[in-house]
Amino acid sequence: MTTRWSDNDMYGHLNNAVYYELFDSAINGWQVEHVTIDPLTDPTQGVVAESSCTFYAEVAFPTPLVVGLRITRLGTSSVTYQLGLFVDPEAAEVGDGPPKALGHWVHVEIDADTRRPTPIPEHLRRLLETAVVDVRALDPT
């Protein structure tokens, strides 16, 4: 992910809102790269129902970043993403492993006309299934 000079705030690090923009772009960019989505004509739309971010360390322009994405829950009409913001180890002079921030993002699929929850379309579900991770299996406790 690339950031812009204007993404830095007066304290010299990325403004909090930029983290949400990066997460939103990562999710939508990943989907658009793998399935056909047209928010203006599709019969369903994924809308954000919940989001949060936990900050661990500052980053600032021009640090090259990468957003990791996994799905921790895939329901009938909703999907829960976990996103990690990392310094890009391939583009930075010094990359380090720990995430700089962790995002939590829930999309609910809605009918474009009624605006009510609806099942996730099959073509999108197939993509989402490729990123599902059982986070309980990752917890050593």
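So, here's what we can say about the structure. (Residues numbered from 1 in each chain as written. Predicted model: local features only at pLDDT ≥ 70, side-chain atom pairs only at ≥ 80, totals over all residues. Heavy atoms only, no water.)

1. Remarks on unusual backbone geometry
What counts is decided by this rule: Only DSSP runs of H or I covering at least 4 residues are called helices, and only runs of E covering at least 2 are called strands; the numbering of each starts at the N terminus. Burial here depends on accessible area, computed with a 1.4 Å probe over protein chains only, as a share of the maximum for the residue type. Under 20% is buried, over 50% is exposed, and the range in between is partly exposed.
That bond from F61 to P62 is cis: its omega, 10 degrees, falls within 30 degrees of zero. Relative to the helices and strands, P62 resides in the loop between β1 (44-55) and β2 (65-74). A positive phi angle is found at R115, which is not glycine, with a value near 65 degrees. Here R115 is to be found in the loop between β4 (101-111) and α2 (122-129). What makes R115 partly exposed here is its relative accessible area of 44%.

2. Remarks on the environment of L128
As a reminder, the rule being used: The contact criterion used throughout is that any non-hydrogen atoms of two residues lie within 4.5 Å.
The topology assignment puts L128 in helix α2. Measuring from C-alpha to C-alpha, the distance between L128 and I27 comes to 10 Å, with 101 residues separating the pair along the chain. Excluding residues within four positions of it along the chain, L128 makes contact with W30, Q31, I71, L74, V79, Y81 and I120.

3. Looking at the pairing of β2
We count it as follows: A pair of strands is treated as paired once DSSP finds two or more bridges between them.
One ladder, built from nine bridges, connects β2 with strand β3 (residues 78-87); its direction is antiparallel. Counterpart to I71 in the pairing with β3 is Y81. Taking the residues between adjacent antiparallel strands as the criterion, β2 and β3 are bridged by three residues.

4. Side note on helix α1 (residues 16-34)
Put simply, the test is: Residue count minus one, scaled by 1.5 Å, sets the expected span of a helix. Polar contact is defined as a pair of N or O atoms within 3.5 Å, subject to the rule that within protein one atom must be able to donate a hydrogen and the other to accept it, and that residues adjacent in sequence are counted only when both atoms are side-chain atoms.
Look at α1: 28 Å from first C-alpha to last across 19 residues, which is about the 27 Å you get at 1.5 Å a residue. Of all the positions in α1, only V18, Y19, L22, F23, A26, I27, W30 and Q31 are classed as buried. Those residues of α1 that are buried lie in contact with β1, β2, β3, β4 and α2. N-capping of α1 is provided by N15, with a side-chain oxygen placed 2.9 Å from the backbone N of A17.

5. Considering the environment of V59
With respect to the element layout, V59 can be found in the loop between β1 and β2. If sequence neighbours within four positions are ignored, V59 has contacts with H13, L14, Y19, L65, L85 and K100.

6. Things to note about the packing of α1 against α2
Each packed pair of helices is defined by two parameters, the angle between the axes and the distance between the axes. Filter applied, for reference: What counts as an axis is a line fitted to C-alpha atoms, over the stretch in contact for a helix, and the angles between N-to-C directions run from 0 to 180 degrees. Two helices crossing with the near one rotated counterclockwise from the far one by less than a right angle form a left-handed crossing, whereas a clockwise rotation gives a right-handed crossing.
The contact between α1 and α2 brings their axes to 11 Å, and the two run at 115 degrees. Considering how the two elements wind past one another, α1 and α2 form a crossing that is right-handed. Between α1 and α2, the residues in contact are W30, Q31 and H34 and L124, L127 and L128, respectively.

7. Comments concerning the packing of aromatic side chains
Rules: By convention, a stacked pair of Phe, Tyr or Trp rings (six-membered ring in the case of Trp) has centres within 6.5 Å and planes under 30 degrees apart, an edge-to-face pair has planes over 60 apart, and any other such pair is tilted.
All told, the structure shown has three aromatic pairs when counted by the stated rule. Considering the side-chain rings of W5 and F61, the 6.1 Å spacing of their centres and the 85 degrees angle between planes classify their relative orientation as edge-to-face. Separated by 56 residues along the polypeptide, W5 in the segment before α1 and F61 in the loop between β1 and β2 bring together distant segments of the chain. Looking at F61, the relative accessible area reads 29%, which means it is partly exposed.

8. Structural notes on α2
Convention followed: This arc corresponds to the set of directions leading from the helix axis out to the C-beta atoms.
Looking only at α2, the buried set comprises L124, R125, L127 and L128. One face of α2 carries all of its buried residues, which in axial projection span an arc of 160 degrees. Where the residues of α2 are buried, they touch α1, β2, β3 and β4.

9. Here's the deal with the side chain of Q31
Mapped onto the secondary structure, Q31 falls in helix α1. Under the relative-accessibility criterion, Q31 is labelled buried at 6%. Residue contacts for Q31: discarding those within four places in its chain leaves I37, Y81, H107, L124, L127 and L128.

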